[in-house]
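Fold and geometry: a report
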Amino acid sequence: MAELPRVPPEMFRFTTTERADLHTAVLYAFGEANERLETALTIDEVRERLRSVGWYAPVAEPELAATLKQLAGWRLLDVIFNHAGSFATAEEYERKNLQYSLTKRGEAAFAGVQHSMAMLASAGALQTAVLDAIADRLGELEQLLRDPDPGRNRRIFTSLQELEAHLDGLRNNTKQFNGELQRLLRVEGTDLTTFHEVKAATVAYLQEFVTNLEQRADVIAAALSGVARHGVSVVHARALDGADLPKMPGTDHATPWLAVRAARWEGLRLWFAPEDGGVPRVRHLHDVARRAIVSLLQVLDRITDSRRRSSSAAADFRTLARWFATAAGEDDAHRLWDAAFGLGPARHAHLGHADAELIPAGVPWAEAEPVEVSALLRSRGRTERMGRTGRVRDVVALRAERRSRAEKERAELEAAWSALATTGAMRLSQLGELDHETFGRLLDLLGRALAERPDSTGFRRAVTSDGRVEIVLRAPEDGSVAVLRTSEGWFRGPDFLIDIRSLGVGARDGAVSA
């Protein structure tokens, strides 16, 4: 088993001390100096930098000197003696002779704090633009590899770096968004209105991302295959030549650099085109998004039902418990029990033993043999009547009839959605004449959309219960009226601006269920 990497024990200790704020501010001061390519600071320069990073509290010189000494003890700072300087007095020599700079461990600790704070402040996202950028970079690499000119190697290196950066962004944002999504699915909001709006917006966001996701994944997989035909080792070798890594005696920078590139390329293949024929991770992302859409829609349905119902079973039982607690006596509690649960006395006292002569008439019922009681007596209030066993029905014809009816309903449903699908926004009156079944589907969609609140642009959005068909609706600004005709009459109402389309899997399968 491979040994897991271990973080040096003193690396982040500066964040847990009593002076953690000052320690962190000093590291930020050195980080800002590095941004200006100033690698070494004196104690006076550190004090000046503290104000630029937001530390305005007064710091005594002994306290600041002790802080620098402590950070050096944790191997986050190096202490440098400036022998090239000129000093007028012994005090000036003591004050300006010592300079401090970040060690490699100190730079890593500072970067870790920055990354942690950035992660806490950021929000995950599912960005289709990143998928398009990955496809573009792969296409650019394939074009560059066709030219054997070494002058192209620098551009190959930068394209490869951009490709890896887009992949890292996709993975990090996806992981973070998935974590936030799972937390959203578990949260039960106290403000139902806000809670409903957040989850409805999340459903719309997921649906927009899922649309054409598989098409984008296929484009990236094809682009990967195009680059791989030139040879992955060739790509990395030419990128290494264009990287211009420093060449120092006794130090091999090329081998670890190539190892990192190979690992990044393998990660790219796992996401879009695994070599072992497995399922790409982007497909798993599609499945997670679809399941989340269904789960969120179910939660939204429960919220809507809870709004419609004035009471709930839990509230009813709590009210009943209060009545029991305030009952005047045990007899009142028994009467309340009988009224609440509908329980009554046994109704089988009239039943007798199968051979009554075996039991003397004077034997108390508590001592007599038990009598078999029919289950129907309790559930239906009557005893069983023994009769002839019914004939077993032949259900073959029934199954065939049901199958035929289901296929007919499926065909009617597909025809209805095909008739209602629009190629863009259009007026309701443009639908013209519809058959009665299609008209019923249209009314259902209009009802779902009108039940939703309009967004900031005035549009109302709604989807079917399985999230496969969406309608976008907006009220007419000119107050116009539409008249739709069917075989059984006509319908008159506002001439809404509508856009009906299939989403995700529904568009691929061609079968949508309302």
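Below, the structure is looked at part by part. Computed from a predicted model, the values in this text were never measured in an experiment.

Among the nonpolar cores identified, the biggest contains 33 residues, and I134, L138, L163, L268 and F272 are the most heavily contacted of them. When residues of this core are traced back to their parent elements, those giving at least two are α6 (128-145), α7 (153-186), α9 (213-228), α10 (232-243), α11 (254-272) and α12 (281-308). Residues in contact with L163, not counting those within four places in the same chain, are I134, R137, L138, L141, W265 and L268.

So, about the environment of A333. As for its placement among the helices and strands, A333 is situated in helix α14 (residues 330-341). Taking the C-alpha atoms as reference, A333 lies 8.5 Å from W323; in sequence the two are 10 residues apart. Beyond its immediate sequence surroundings of up to four residues, A333 is in contact with F324 and A327.

At R75, a position not held by glycine, the phi torsion is positive, near 65 degrees. Looking at where R75 falls in the secondary structure, it is placed in the loop between α3 (61-73) and β1 (77-81). For D244, which is not glycine, the phi dihedral falls at a positive 55 degrees. With respect to the helices and strands, D244 occurs in the loop between α10 and α11. Judged by relative accessible area, which is 44%, D244 ranks as partly exposed.

Scanning the entire structure with this criterion turns up 24 salt bridges. Note that R405 and E401 form a salt bridge whose closest N and O atoms lie 3.5 Å from each other. Placement of both R405 and E401 in helix α16 (residues 396-420) is noted, with a separation of 4 residues, approximately one turn of the helix. The class of R405 is partly exposed, set by a relative accessible area of 41%. Linked through salt bridges whose partners overlap, the residues forming this network are E164, D168, R171, R261 and R264.

Our focus in this paragraph is the side chain of D495. Within the secondary structure, D495 is located in the loop between β7 (489-494) and β8 (497-502). Buried and unpaired, D495 has R427 as its nearest opposite-charge partner, separated by 4.0 Å. For D495, the contacting residues outside a window of four places in its chain are R427, L428, S429, P476, S480, V481 and A482.

Between its first and last C-alpha atoms α11 spans 27 Å; for 19 residues at 1.5 Å apiece the expected length is 27 Å, and the two agree. Along α11, the residues classified as buried are W257, R261, W265, G267, L268, R269, W271 and F272.

With that out of the way, let us pick up a nonpolar patch on the surface. Nonpolar side chains collect at one region of the surface, where F317, W337 and F341 lie side by side and expose about 320 Å² of accessible area between them. Examined against the element boundaries, W337 turns out to sit in helix α14.

With antiparallel pairing, 4 strands are arranged side by side in an open sheet as β3-β8-β5-β4. Both edges of this open sheet fall to β3 (426-427) and β4 (460-463), since each of them pairs with a single strand only. The pairing of β4 with strand β5 (residues 469-474) spans 4 bridges and is antiparallel. Considered in β5, the bridge of R461 is made with V472. The strands touched by helix α17 (residues 436-450) are β4, β5 and β8; relative to β5, the strand with the most contacts, the crossing angle is about 65 degrees.

With 25 residues, α16 should cover 36 Å at 1.5 Å per step; its first-to-last C-alpha distance of 36 Å lies within 8% of that length. Taken together, the buried positions of α16 are L413, A416, W417 and L420. Along its buried surface, α16 packs onto α17, β5 and β8.

In the contact formed by α6 and α11, the axes pass within 14 Å of each other and the chain directions differ by 125 degrees. Taken as axis vectors, α6 and α11 run oblique relative to one another. For the pair α6 and α11, the crossing hand works out as left-handed. Together, L131, I134 and L138 of α6 and W265, L268 and F272 of α11 make up the contact between the two elements. Grouping the amino acids of the contact of α6 with α11 by side-chain chemistry returns 6 nonpolar, no polar and no charged.

With the rule as written, the count across this model stands at 5 aromatic pairs. A ring pair is formed by F157 and W257, whose centres lie 6.3 Å apart and whose planes are at 35 degrees; its orientation type is tilted. Here F157 is found in helix α7, whereas its partner W257 is found in helix α11, with 100 residues between them in sequence. Taking the ring centre of W257 as reference, the NZ or CZ of R261 above it sits at 4.8 Å. When the ring centre of F459 is taken as origin, the NZ or CZ atom of R474, which lies over that ring, is 5.1 Å away.

So, how was this worked out
- Residues numbered from 1 in each chain as written.
- Predicted model: local features only at pLDDT ≥ 70, side-chain atom pairs only at ≥ 80, totals over all residues.
- Heavy atoms only, no water.
- Core = buried A, V, L, I, M, F, W, Y, C linked by side-chain atoms within 4.5 Å.
- Buried < 20%, exposed > 50% of the residue type's maximum accessible area, 1.4 Å probe, protein only.
- Helix = DSSP H or I, 4+ residues; strand = E, 2+ residues; numbered from the N terminus.
- Contact = heavy atoms within 4.5 Å.
- Salt bridge = Lys/Arg side-chain N within 4 Å of Asp/Glu carboxyl O.
- Lys, Arg positive; Asp, Glu negative; His and termini not counted.
- Expected span 1.5 Å × (residues − 1).
- Patch = residues over 30% accessible without salt bridge, like charges linked within 9 Å, V, L, I, M, F, W, Y side chains within 5 Å.
- Areas by Shrake-Rupley, 256 points an atom, 1.4 Å probe, with all protein chains shown as cover.
- Pairing = 2+ DSSP bridges.
- Axes fitted to C-alpha atoms, helices over the stretch in contact; angles between N-to-C directions.
- Parallel < 35°, antiparallel > 145°, perpendicular 65-115°, else oblique.
- Left-handed = near helix turned anticlockwise from the far one by under 90°.
- Nonpolar A, V, L, I, M, F, W, Y, C, P; charged D, E, K, R; others polar.
- Phe/Tyr/Trp six-rings, centres within 6.5 Å; stacked < 30°, edge-to-face > 60°.
- Lys NZ or Arg CZ within 6 Å of the ring centre and 35° of its normal.

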